[in-house]
Amino acid sequence: MRGVIMAITEMPEEWGFFLNLPDPEDSIVIEKSWKIEILSELAYLGQDYRFLEPLKVDVRGSWTRPDFYVEIWVASNVEVPCSRCLDPAGVAIKEKFSYLYSLSSKNDSSERFDGHGDDSFICIDSWGSYLDITSQIWDSFILSLPGKVLCKEDCNGICPVCGVNLNSGSCNCVREEVDPRFEILKNIEQNDTGK
Ligand SMILES: [Zn+2]
Ligand SMILES: [Zn+2]
């Protein structure tokens, strides 16, 4: 019996994650780690996730003057219903994201930004003694959630007629498996012979 699934669409209010900002002249690398409890069952964009362990977040930040560069690693283990048979399928989450914090807008510094490949550009108003990276941890978490998942590559799915799991048994339903591409061919053939 599964518990209540909570829909989650925005960042939990209690989230707050900060990095101490070193002196810009300092080439020191700031490292920080968090273990974040995620609702053990959560729904996001129509997919149900069951977190088997907290979300592990590792962060590393350093100045790439005049910007501040932050790498975020997210890792956890979740169970997601198989897209074909709906049986729970285990998935390891392990993703890395990088963000470039800058005082200038993206347009002002497009040259610098272009050199940074896949980094997301975060425009901030001013530097303080610490950097608020809460939204970026949330974004990294959401982006790391697996979409379509199969319990195994050759999952047979469920019978669309009687609903039996075809991985663990078979049924006697007559299933007309229609590939839409063949349907089109069939129609073309019929039209040809009709003339
Ligand atoms: Zn499956
Ligand atoms: Zn069947």
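Cut-offs applied
Residues numbered from 1 in each chain as written. Chains lettered and ligands numbered in written order. Predicted model: local features only at pLDDT ≥ 70, side-chain atom pairs only at ≥ 80, totals over all residues. Helix = DSSP H or I, 4+ residues; strand = E, 2+ residues; numbered from the N terminus. Contact = placed C-beta atoms within 7 Å. Buried ≥ 20, exposed ≤ 12 C-beta atoms within 10 Å, placed from the backbone. Core = buried A, V, L, I, M, F, W, Y, C linked by C-beta atoms within 7 Å.

Novice: How should I be thinking about the overall build of the protein chain in this particular structure?
Specialist: When helices and strands are counted, the protein chain shows three helices and ten strands. Partitioning the intrachain contacts of the protein chain with sequence separation of at least 6 by distance along the chain shows that 58% fall at a separation of at least 24.

Novice: Is there a simple way to think about the environment of Gln 47 in this case?
Specialist: Within the element layout of this structure, Gln 47 appears in strand 5 (residues 47–51). For Gln 47, a count of 15 C-beta atoms within 10 Å puts it in the partly exposed group. A sequence separation of 101 residues divides Gln 47 from Lys 148, and the C-alpha atoms of the two residues are 8.7 Å apart. When neighbours within four sequence positions are excluded, Gln 47 is seen to be in contact with Val 80 and Gly 147.

Novice: Can you walk me through the nonpolar core in this structure?
Specialist: Side chains of nonpolar character tend, in soluble globular proteins, to be buried together. In terms of nonpolar packing, the biggest core is built from 14 residues, with Val 57, Val 70, Ile 72 and Tyr 101 touching the most fellow members. Elements supplying a minimum of two residues to this core: strand 6 (55–64), strand 7 (67–81), strand 8 (88–102) and helix 2 (134–144). For this core, the leading source of residues is strand 7, giving four residues. Sequence-distant contacts of Tyr 101, defined by excluding residues within four places in its chain, comprise Asp 67, Phe 68, Val 70, Ile 122, Ile 124 and Leu 131.

Novice: Even after reading the chapter, I still don't get unusual backbone geometry, so can you show me in this structure?
Specialist: The phi angle of most residues is negative, glycine excepted, and most peptide bonds adopt the trans form. Of note, the amide linkage connecting Arg 65 to Pro 66 takes the cis form, showing an omega dihedral of 10°. For Pro 66, the position within the fold is in the loop between strand 6 and strand 7. Even without being glycine, Leu 86 reaches a positive phi, approximately 70°. Looking at the element boundaries, Leu 86 is found in the loop between strand 7 and strand 8. Judged by local crowding, Leu 86 falls into the partly exposed class, with 14 C-beta atoms found within 10 Å.

Functional significance is not addressed by these values, which are geometric in nature.
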